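# Structure at a glance
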Amino acid sequence: MLKIGGLTLGSQVMQSPMADCSDLPFRLVSRRRGLGFAFTEMISAQSLLHGSRKTLEVLKTTPEDRPLGAQLLGKDPAKLAEAAAMLADMGFDLIDLNCGCPVKKVVRNGEGAALLQAPDLAERIFAAMRRAIKLPLTVKTRIGFTDESGVEAVELGRRAEAQGFDAITVHGRTQKQGYSGLADYGAVALVRQAVAVPVIGNGDVRAPADALRLKQESGCHGVMVGRGGLGNPWLYREAERALAGCGGQPPAPDAAARCAAVLEHFDLEVQFQGERRAALNFRRIGAWYAAGLPGAKGLRIALCRTMDVRLMRRQLLEFFAALPEALPVPRPL
Ligand SMILES: Cc1cc2nc3c(=O)[nH]c(=O)nc-3n(C[C@H](O)[C@H](O)[C@H](O)COP(=O)(O)O)c2cc1C
């Protein structure tokens, strides 16, 4: 169980916001296999206020897709507050502020991870968002910009807490590291020791044992799974079991389970994203599910050669139905 402000979650494990990945079909497939709390992909406060069609698409959800958090990117306190109020009206359960995006264009614009180096502005944003809504508010950040010690995340976390934010998520890498190198759980621990609100640890959870190590080494209250969940919708429940003390690596999902998951994901993509986007998206998504399996390269090439969703579905079915019984555990890219 994890309590964030007035929101009580049944699980300590959640899915991270991931642009171009954590769309509605991805979330539904994961929830049906044990995911308890999910995030949409990040959206820009500015685009939301302008009523951008693409942004509204990203916020698409269904009653089954609950509880659900939305994540805002921005740097203007008044706009972020207004955007947060819009999201609250739309029925989201929690709003997160992105203080971790490392993308150059974003950072140059003073948003995302750049806020780690602008704590005064970040604090004004926290205060404005808090005044605007009653919903639980969280911030997702990194351990630092270039400084690996964790002190920048501690500073940001303290200021968020002082302004009434309800939890802090810390990805154990710096902006400079991007997505490479190993996440530093010791720096996550510093934030955990510095604030009284829940801290959610993030980075490199690709197997149930990683979730346990993150919790043990950082003392975090919750665990956020990012890339490890791509093509492995079983990981959230397995990680939850590991945190509950059920040891060992659970058996890998068998061929039938993988076939069912990948086809369900494909059908949901077609249903919610339309045939053209489903075909394009599944070039990546199909590769996540096939990673590490015999013949994966051939499937990837075949999926890239067609836009015909009926043919793609047949290719997926033939590949996954023909897998041997004993399979390695899913290994996301
Ligand atoms: C393709 C991709 C898109 C991402 N998009 C977001 C995002 O929109 N918002 C965010 O806070 N983090 C985003 N992240 C970062 C992840 O949420 C997560 O913090 C990071 O991948 C580290 O966790 P992991 O090692 O478990 O993947 C993204 C990561 C990837 C790989």
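With that settled, consider the overall build of the protein chain. A count of helical and extended segments in the protein chain gives 13 helices and 11 strands. Here the C-alpha atoms of the protein chain give a radius of gyration of 20 Å, agreeing with the 20 Å that 2.2 N^0.38 yields for 333 residues. Taken along the three principal axes of its C-alpha coordinates, the protein chain extends 55 × 45 × 35 Å. By residue count, 57% of the 333 residues in the protein chain fall in the buried class. Sequence-distant contacts, at least 24 apart, represent 70% of the contacts inside the protein chain between residues at least 6 apart. Roughly 13,700 Å² of accessible area belongs to the protein chain as shown, and the carbon and sulfur atoms make up 53% of that amount. The centroid of the 43 positive side-chain charges in the protein chain is displaced by 3 Å from the centroid of its 34 negative side-chain charges.

Looking now at the pattern of salt bridges. Inspection of every chain in the model, using the stated rule, returns 17 salt bridges. Ionic pairing is found between arginine 33 and glutamate 264, a salt bridge with its closest N-O pair at 2.9 Å. Taken as a pair, arginine 33 in the loop between helix 1 (24–31) and strand 4 (38–39) and glutamate 264 in helix 11 (residues 255–290) lie far apart in primary sequence, 231 residues in all. In this structure, the salt-bridge partner of glutamate 57 is lysine 60, at a minimum N-O distance of 3.7 Å.

Moving on, we get to the packing of aromatic side chains. As enumerated under the stated definition, the model contains five aromatic pairs in all. Between phenylalanine 266 and phenylalanine 282, the ring centres sit 4.9 Å apart and the planes meet at 85°, which makes this aromatic pair edge-to-face. The class for phenylalanine 266 is buried, based on a relative accessible area of 2%. Among the residues examined, phenylalanine 282 registers a relative accessible area of 0% and is labelled buried. The positively charged end of arginine 142 is found above the aromatic ring belonging to tyrosine 179, 5.1 Å away from the centroid.

Another point: helix 10 (residues 235–243). In terms of residue burial, helix 10 counts as a mostly covered element, since seven of its nine residues are buried. Among the residues of helix 10, Leu235, Tyr236, Glu238, Ala239, Glu240, Ala242 and Leu243 are the ones counted as buried. Of the surrounding secondary structure, the elements contacted by the buried residues of helix 10 are strand 3 (13–15), helix 1, helix 9 (208–218) and strand 11 (222–225). Phi for glycine 245, located one or two positions after helix 10, is positive at around 95°.

You can see leucine 24 is positioned in helix 1. A relative accessible area of 4% places leucine 24 in the buried class. Each C-alpha atom of the pair leucine 24 and glycine 222 lies 22 Å from the other, and the pair is 198 residues apart in sequence. With sequence-adjacent residues up to four places away left out, leucine 24 is seen in contact with Lys60, Thr61, Thr62, Asp65 and Phe272.

This brings us to the pairing of strand 6 (residues 68–73). Buried residues dominate strand 6, accounting for six of its six residues. Relative to strand 6, strand 4 runs parallel, the two being bridged by two bridges. By the bridge assignment for strand 6, alanine 38 is matched with leucine 68. Taken together, the two bridges between strand 5 (residues 43–44) and strand 6 define a ladder with parallel strand orientation. Each residue of the ladder has a partner; that of serine 44, found in strand 6, is leucine 73. In the sheet, strand 6 pairs with strand 7 (residues 94–99) via four bridges, with the strands oriented parallel.

Thresholds, definitions, all that
- Residues numbered from 1 in each chain as written.
- Predicted model: local features only at pLDDT ≥ 70, side-chain atom pairs only at ≥ 80, totals over all residues.
- Heavy atoms only, no water.
- Helix = DSSP H or I, 4+ residues; strand = E, 2+ residues; numbered from the N terminus.
- Rg over C-alpha atoms; globule rule 2.2 N^0.38 Å.
- Buried < 20%, exposed > 50% of the residue type's maximum accessible area, 1.4 Å probe, protein only.
- Contact = heavy atoms within 4.5 Å.
- Areas by Shrake-Rupley, 256 points an atom, 1.4 Å probe, with all protein chains shown as cover.
- Lys, Arg positive; Asp, Glu negative; His and termini not counted.
- Charge placed at Lys NZ, Arg CZ, Asp CG, Glu CD.
- Salt bridge = Lys/Arg side-chain N within 4 Å of Asp/Glu carboxyl O.
- Phe/Tyr/Trp six-rings, centres within 6.5 Å; stacked < 30°, edge-to-face > 60°.
- Lys NZ or Arg CZ within 6 Å of the ring centre and 35° of its normal.
- Pairing = 2+ DSSP bridges.

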